[in-house]
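# Understanding the architecture of this molecule
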Amino acid sequence: MATAAPHHTARAQADGQDEAAHAAAYEAVFDAAVAADERIEPRDWMPDAYRSTLVRQIAQHAHSEIIGMQPEANWITRAPSLRRKAILMAKVQDEAGHGLYLYSAAETLGTGRDELLDKLHTGRQKYSSIFNYPTLTWADVGAIGWLVDGAAITNQVPLCRCSYGPYARAMVRICKEESFHQRQGYELLLALSRGTPEQHEMAQDAVNRWWWPSLMMFGPPDDESSHSAQSMAWKIKRHSNDELRQRFVDICVPQAESLGLTLPDPDLVWNEERGHHDFGAIDWTEFREVLKGNGPCNEQRITQRRRAHDEGAWVREAAAAYAEKQATRAEPPAGHTDQQSNGTGSPQGDEPAGTADEHAEARA
Ligand code: BYC
């Protein structure tokens, strides 16, 4: 947890100095806290660029969670058994929950959910490239769980140690749930791989299509990653894109063997000297095209997201009206103090309209 005390002590010491000295003192305290692996909390001073970097990354992450519901939800109605359907529904619901935690983490930095969603809907903020690929067969649900969630875990476990407290804490819970997601995907693929020749082929085809896009999830190569150096200095990111990509490849190779499936890369080979697997060249042109909006499903995903938002407007309005009604009911009669009304000094039911609005958005 945070060790905010040194911030506050130094903050007090900084009082009384002129503005430039204040800024320098605050910055020094912030730098020392990061260097000491302390958590930065919402009320602590932080550089504007640290705040905006976090909002950018957390928003992109939150958007990925809710857009990520689409390719999998595509298979809920066609899951091959009640058990598989129940598992898939639980997983898709988890993704909505992850979006909620992350939008809340972004809100602690002073950026509201409406603003973030507007940026997503107007293409001013990104979501993960991976969700612009189609889910063509049932085996894709397994490949997403094994590879996409596996890549997400590899990327996100280090984020549990991110220097910004609310993001790090959200990641702890998300990673636990992602772990379940990854296992369900692995188990689903294993069942297909050990099934009929057609089922095995379907599993192999899904892995062939999802392998390379999964490697792209880690972002551009280190020498093209514009944010990595600063984000690592601030301990938002703990490892570079290429380090995590390599870790993921090394994890997947033995798992693919156990699954009886082949990773679609003829250059994938163990390198004794490096102690890692070498792997083939990633098609970064494809990655850049997907980021530009030219992936197979970019248009479909954002259109569906905007539609869900518009169709959910009545839910948000109803929730806001309900919250307002509750707040009015809880208002104390004239002449009464807050303390008289509920004994706590805080009127019951006084939930800000925005909060109800957010719940409605998540359901939408
Ligand atoms: N897709 O300087 P870089 C999940 C952008 S999975 C799209 O390396 P950074 C889930 C990047 O934003 C996925 N854009 O950036 C799983 C930047 O553009 P801007 C969500 C990408 O931030 C299953 C530019 O390229 N996970 O949650 O240092 C079911 C330069 O990149 C991608 C997260 O978001 C990409 N793959 O590092 C449901 C994890 N890669 O912003 C859901 C948190 C890069 O300057 N995020 N870009 O316009 C991170 O760890 C980091 O943001 C990244 C990129 C490693 C992704």
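Below, the structure is looked at part by part. (Residues numbered from 1 in each chain as written. Predicted model: local features only at pLDDT ≥ 70, side-chain atom pairs only at ≥ 80, totals over all residues. Heavy atoms only, no water.)

### Observations concerning the overall build of the protein chain
Helix and strand counts for the protein chain stand at 16 helices and two strands. When each of the 364 residues of the protein chain is scored for burial, the buried share is 48%. Contacts spanning at least 24 positions in sequence make up 76% of the contacts within the protein chain whose residues lie at least 6 apart. Carbon and sulfur atoms make up 53% of the accessible area of the protein chain, which amounts to about 17900 Å² in all. (Helix = DSSP H or I, 4+ residues; strand = E, 2+ residues; numbered from the N terminus. Buried < 20%, exposed > 50% of the residue type's maximum accessible area, 1.4 Å probe, protein only. Contact = heavy atoms within 4.5 Å. Areas by Shrake-Rupley, 256 points an atom, 1.4 Å probe, with all protein chains shown as cover.)

### A look at the side chain of serine 214
By secondary structure assignment, the location of serine 214 is in helix α9 (residues 197–216). Judged by relative accessible area, which is 0%, serine 214 ranks as buried. Side-chain polar atoms of serine 214 contact the backbone oxygen of tryptophan 210, separated by 2.6 Å. In this structure serine 214 touches Ile130, Leu147, Val148, Ala151 and Phe248, once residues within four positions along its chain are discounted. (Polar contact = N/O pair within 3.5 Å; in protein donor to acceptor, adjacent residues only side chain to side chain.)

### Description of the site of the ligand
Taken together, 32 residues surround the ligand, and among them Gln60, Lys126, Ser225, His227 and Lys237 come closest. Taking arginine 56, its side chain carries an N or O atom lying 3.1 Å from an oxygen atom of the ligand. Between the ligand and asparagine 155 there is a distance of 3.0 Å, counted from an oxygen atom to a side-chain nitrogen or oxygen. Contact with the protein chains removes 91% of the 1000 Å² of surface that the ligand exposes when unbound. Every element with two or more residues in the shell around the ligand is listed here: α3 (48–67), α7 (139–156) and α12 (284–294). The biggest single contributor to the shell around the ligand is α3, with six residues. Partitioning the shell around the ligand into residue classes produces 12 nonpolar, 14 polar and six charged. (Near = heavy atom within 4 Å. Nonpolar A, V, L, I, M, F, W, Y, C, P; charged D, E, K, R; others polar.)

### Some remarks on the packing of helix α8 (residues 165–193) against helix α11 (residues 241–259)
Two elements in contact, α8 and α11, have axes separated by 9 Å at closest approach and are oriented at 35°. The residues of α11 that touch α8, namely those facing Gln182, Tyr186, Leu189, Leu190 and Ser193, are Gln255, Ser258 and Leu259. Class assignment of the residues belonging to the contact of α8 with α11 gives a composition of four nonpolar, four polar and no charged. (Axes fitted to C-alpha atoms, helices over the stretch in contact; angles between N-to-C directions.)

### Remarks on the nonpolar core
By size, the foremost hydrophobic cluster in this structure holds 77 residues, and its most contacted members are Tyr50, Leu54, Trp146, Tyr164, Tyr167, Trp210 and Leu263. At nine residues, the largest contribution of residues to this core is made by α8. Discounting chain neighbours no more than four positions away, the residues touching leucine 54 are Ala59, Leu109, Cys162, Tyr164, Tyr167 and Ile236. (Core = buried A, V, L, I, M, F, W, Y, C linked by side-chain atoms within 4.5 Å.)

### Here we look at unusual backbone geometry
Of note in the backbone geometry, aspartate 37 takes a positive phi value of approximately 60° without being a glycine. With respect to the helices and strands, aspartate 37 occurs in the loop between α2 (19–35) and α3. One non-glycine residue with positive phi stands out, namely lysine 235, at about 60°. Among the secondary structure elements, lysine 235 is positioned in the loop between α10 (228–233) and α11.

### Some details on α3
For α3, which comprises 20 residues, the first-to-last C-alpha distance of 28 Å matches the rise-based estimate of 28 Å (1.5 Å per residue) to within 8%. The buried fraction of α3 amounts to 14 of the 20 residues, a majority that puts the element mostly inside the structure. (Expected span 1.5 Å × (residues − 1).)

### With respect to the environment of proline 166
Within the element layout of this structure, proline 166 appears in helix α8. Remark: the alpha-carbon pair of proline 166 and proline 42, spanning 124 residues in sequence, is separated by 7.8 Å. If sequence neighbours within four positions are ignored, proline 166 has contacts with Ile40, Glu41, Pro42, Ala105 and Thr108.

### Thoughts on the packing of aromatic side chains
Under the counting rule described, the total for this entry stands at nine aromatic pairs. Seen in terms of ring centroids, tyrosine 26 and tryptophan 45 are 6.1 Å apart; in terms of plane orientation they differ by 25°. Their pairing is stacked. One end of the pair, tyrosine 26, is in helix α2; the other, tryptophan 45, is in the loop between α2 and α3, and 19 residues separate them in sequence. Aromatic side chains tryptophan 211 and phenylalanine 248 sit 5.9 Å apart centroid to centroid with 20° between the ring planes, which places their arrangement in the stacked category. Highlighted residues: tryptophan 211 in helix α9 and phenylalanine 248 in helix α11, separated in sequence by 37 residues. (Phe/Tyr/Trp six-rings, centres within 6.5 Å; stacked < 30°, edge-to-face > 60°.)

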